[in-house]
Structures are given as C-alpha cells and as structure tokens.
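# Structural features, examined
Listed here are the chains, written in short residue letters.
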Amino acid sequence: MSSDPQARIGAAVRSLADAVHVDPPDPAELMARASKAPSRWRPLLSAAGVLGVLAAAALGPGLLAQPAAPTDGTVLPTRLAGLSLLTAPVSGAPAGPALLAYVQGTNGPRWLHTLQTVVVGVDGHTYRRVDEAERRGGPVELGTWQDAPVLLAPDGTRVAVGSLGSAADVAVVDLRTGRTSAHRSRGTGAVRPLAWSPDGTRLAYTVGDTESSVLDLRTGLSTPLASPATAAAFSPDGRRLAVQGAPDTEVEPRRAIRIVDVAGGGAVTELAAAGFGVLIAGQAAWSPDGRWLAVADNAGVGKLDCAVSFLPTDPADRTPPPAPIVTTDQIALVGWAAPDRPLVTQGSATERRTLSGPDLRPLTTVDGSTTYDLQAATALLPAARVAPAGDPDRGPWPVWLSLAVAAAAATVAGLGWLLWSRRRRRARRS
C-alpha cells in the first residue's frame, strides 16, 4: 500500500463508493420519460422555490426570535441591539417615550437605511427609526445620505430634529404619537439643536454659524442669544444657560464659557477659559445640584488621554471639584444617575462603545455596528435600572416587505396545490 496519505485517502474513498450497490434504471423507462414534453409548471415551481428560500433567509431570524423578556419601569439595557434594516419608523409605528437615542450604521443611499437615528424605549427593547431625521438630512460624499442631528428631550417623549440643508424651522417629533411639529427659526441655514430646558418647554438651537436662539415651544417665539453658540446646557432650574461660542482668537483658540440669564437682564458669569478643544459636555453638563458644569476634552483622542472634568458654576466656590473621568478613548457625558454619579459613554465610532459610571465599568455595551452620538433622557436616568432587555422589538414590517412575503407564500402554496392535484389525478388514472 502506498505511504502517501493523499493516495491512501483516495483509495479508501473509491472502495467505499464501489461498495454502494446501485440498480441501473430500465432503459425503456428512461426513453419514455425523455419523450414526454417538459412540465410547464417546472419553471414556476423553481421560481417559487427561489422566492421561498429568499424569504426564509431574510426573515428567518425575525421569525425565530424569542419574545422579549417582560420589563417593569425604566430599563437601561445591558446590551444595545445591532443595526436592522427592518426597524419601523417613528411616524408609522410610534412606541412611546424613549430612554436612549443614538446614530447607528454607515452612510449609504437614503432608501436603504444603512444609517439610522434610533430611539430605544423605556422598556429597553423597543427600537424605532427617527425617519424625520432622514427627511431633514442631506447628501454627503460619494452621493450617500446623512441624517440630520437630533436631541432627545429630558423626559424622553420628544426629539428635536435640526437639518443638514438650508431650513427655516426646527422640527419636534412626539414619540408617543409619531407626529411632527415645525417651529420657525431665526434665520435660515443648517439647524442644530443644542439643549432642552429641564421642563421641556424651551430649546436652544443654532442656525449655521451666525445665530443662536432659545425657542419657547409654548409660544413658538425664539429669543436670540448675544453671540453664536457651539454648545449649551440649561441649569437644573432652567433659569440659566451655559453657552460656549467660537474661539476668542486665532492665536489662542480658547472657547470661553459664559452663564447667562435665560430671561435676560441678569449678570453674565464667565467661567475660567476652557483649554483648546474643551467643550461643554452636552445638554446634561450641569450637575443635578447646580454646583458643577462638566466639560469634555477630546482634543488629543488617539494620542493623549481624553477626560470629562468639572468646573464650579460659581467662580467664588473654592470647594474641590469631583475627580475628572479619564480614559484613552473618546468620551462624552450622557447624564447623571445621581448628583455624584455622572454617566459617560466612551469608545470610538467604529469600535466597541460602552455606557458607564465614573468608575468606567460598563453598564451598557454597544457593538456589532458603528455607533455614535449616544444620548439619554436625562430625567429618566435616576430611576432606570440596568438589566438584560431580551430580544429587540423592531415594530411592524414595512408594507412592501409584508406584501412580498404574502405574495411568495401564496405562490408557493398555490403551485404546491397544483402539483399535488396533478399527481393525484395521475394516480387515479393509473
């Protein structure tokens, strides 16, 4: 016997094949079958089979998914689901208040929904797509589409939607009804919402790089700020607004932080000038007790440590501030679980992103797809509990997909019945 392993394996396979007994078919029967005309149903049955396989491949994971675990109260899920092209839009299937909002996916054609602005319900497993952000988005490089910026309200019932293209209004989407209301802005241009007031009655926003205002959602009137702002945050009582504008000079590009009276007429408090690249850490930057203002430093991301640190809102306050939260990844403040417990998100847009406390131990993990701009309904965070939320509820399928599945199922069923009927008739004649 050969010592070559491949030759020995080949010989073994041939011996196994030779050991299988095969009865040769009757030549007369083969000729009779060949002389018959091919069945006119064969192409249709083949097409039906292909449709069935495609439908099963596309919808099988959703059909086999287990129902989500029952949840009570507000749940901060331990894991956020990955991107799905079957996530229903808010306008067509509103699911109520949301705890989280974020952008997921990568830029692609608008109709394909490979980039989505998603809200996660207070139950931790209900996902909806903010389609108003798609409508108010715009084209970017290589003919792809990017969503407009959104901002989740503190109570999670609404999202403010800006625009990438030129617009003359700010959109507010009610997540409970799916309805959108438009509020006229001061000026025309790309609109970006900056901060909600804690009671949800006012919204700070900027138009282009030239004008920033505070919109009173009860009256629809906008009050301009003294200078354009790139970041803003309301105080816990809603009476003051921390704003940060463009760099003061090109030589020393430090962006001054000022605290102004929203009603106007009050004294302006200027905080210590923030360093290069240091910005107000989002709309939740004020601590719940009003003593500290969080700022984020991501200027050296990839080379230097990134940090969220805290400035006293009263320059005369000599109390030592809380320790900064330092990490090697990009960092952002999401909200406060307690007056002394800020929650931050860290990670890059293309790698694993986590939501954690000041100790940086992950509470929520996002992986499997590009994710950025993670926000929270800040008023709901203190009562939220961290727990697994089960499989995601994406809402009803798109109409086109439901029709396609129904048509495929009807075709398979109809052709299957026809095939069974023909065989039954042949059996009777024989």
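The structure this text deals with has already been given above.
Quick caveat, the model's predicted, so the values are computed rather than measured. In this convention, every chain numbers its residues from 1, walking through the sequence in written order. pLDDT decides what is reported in this predicted model: residues at 70 or higher carry local features, side-chain atom pairs at 80 or more are listed and counted, and totals for whole chains, interfaces and linings draw on all residues regardless. The side-chain figures draw on all heavy atoms in the structure; neither hydrogens nor water molecules are used.

## Description of the sheet that holds strand β20 (residues 278-280)
At least two bridges found by DSSP between two strands is the condition for calling them paired. We count a stretch as a helix when DSSP gives it H or I for four or more residues in a row; a strand needs E for two or more, and each element gets its number in order from the N terminus. Read from one edge to the other, the open sheet built from 4 strands follows the order β20-β21-β22-β23, with strand pairing classed as antiparallel. Sheet topology places β20 and β23 (325-327) at the edges, where each strand pairs with a single neighbour. Each strand axis lies, on average, 30° off the axis of its neighbour in the sheet, ignoring direction. As paired strands, strand β21 (residues 292-297) and strand β22 (residues 306-312) are joined by 6 bridges and run antiparallel to one another. Along β22, the bridge assignment pairs L293 with L311. Axes here mean lines fitted to C-alpha atoms, for a helix over just the part in contact, with angles spanning 0 to 180 degrees between N-to-C directions.

## Here we look at a positive patch on the surface
Here a patch means residues that are over 30% exposed by relative accessible area and free of salt bridges, tied together within 9 Å if like-charged and within 5 Å if nonpolar (Val, Leu, Ile, Met, Phe, Trp, Tyr). In short, Shrake-Rupley with a 1.4 Å probe defines the accessible areas, and a residue's cover is counted only from the protein chains shown. We count a salt bridge whenever a side-chain nitrogen from Lys or Arg sits within 4 Å of a carboxyl oxygen from Asp or Glu. Positive charges are assigned to Lys and Arg, negative charges to Asp and Glu, while His and the chain termini are left out of the count. Working definition for charges: the position is that of NZ of Lys, CZ of Arg, CG of Asp or CD of Glu. On the surface, R423, R425, R426 and R429 cluster together into a patch of positive charge. Its place among the elements puts R425 in helix α5 (residues 399-429). Exposure remark for R425: the relative accessible area of 44% places this residue in the partly exposed category. The rule is simple: take the accessible area with a 1.4 Å probe, protein chains only, and divide by the maximum for that residue type; under 20% is buried, over 50% is exposed, in between is partly exposed.

## Details of the nonpolar core
Remark: nonpolar core denotes a set of buried residues (Ala, Val, Leu, Ile, Met, Phe, Trp, Tyr, Cys) joined through side-chain atoms within 4.5 Å. Among the nonpolar cores identified, the biggest contains 32 residues, and L80, V119, V159, V161 and L175 are the most heavily contacted of them. Those elements that place two or more of their residues in this core are β3 (98-105), β4 (115-121), β8 (150-152), β9 (158-161), β10 (167-174) and β28 (371-376). In this structure, A242, A281, V308 and F310 belong to the second largest nonpolar core, which totals 25 residues.

## Concerning the packing of aromatic side chains
For any pair of aromatic rings, geometry is given as the distance between the ring centres together with the angle between the planes. When the centres of two rings from Phe, Tyr and Trp lie within 6.5 Å, Trp using its six-membered ring, the rings pair. Their planes under 30 degrees apart give stacked, over 60 give edge-to-face, and anything left gives tilted. Overall, the coordinates contain 1 aromatic pair when judged by the stated rule. With 5.9 Å between their ring centres and 55° between their planes, F310 and W336 make a pair best called tilted. Of this pair, F310 sits in strand β22 while W336 sits in strand β24 (residues 331-338); the two residues are 26 residues apart in sequence, bridging distant segments of the chain. Across the pair, W336 and F310 agree in class, each one buried.

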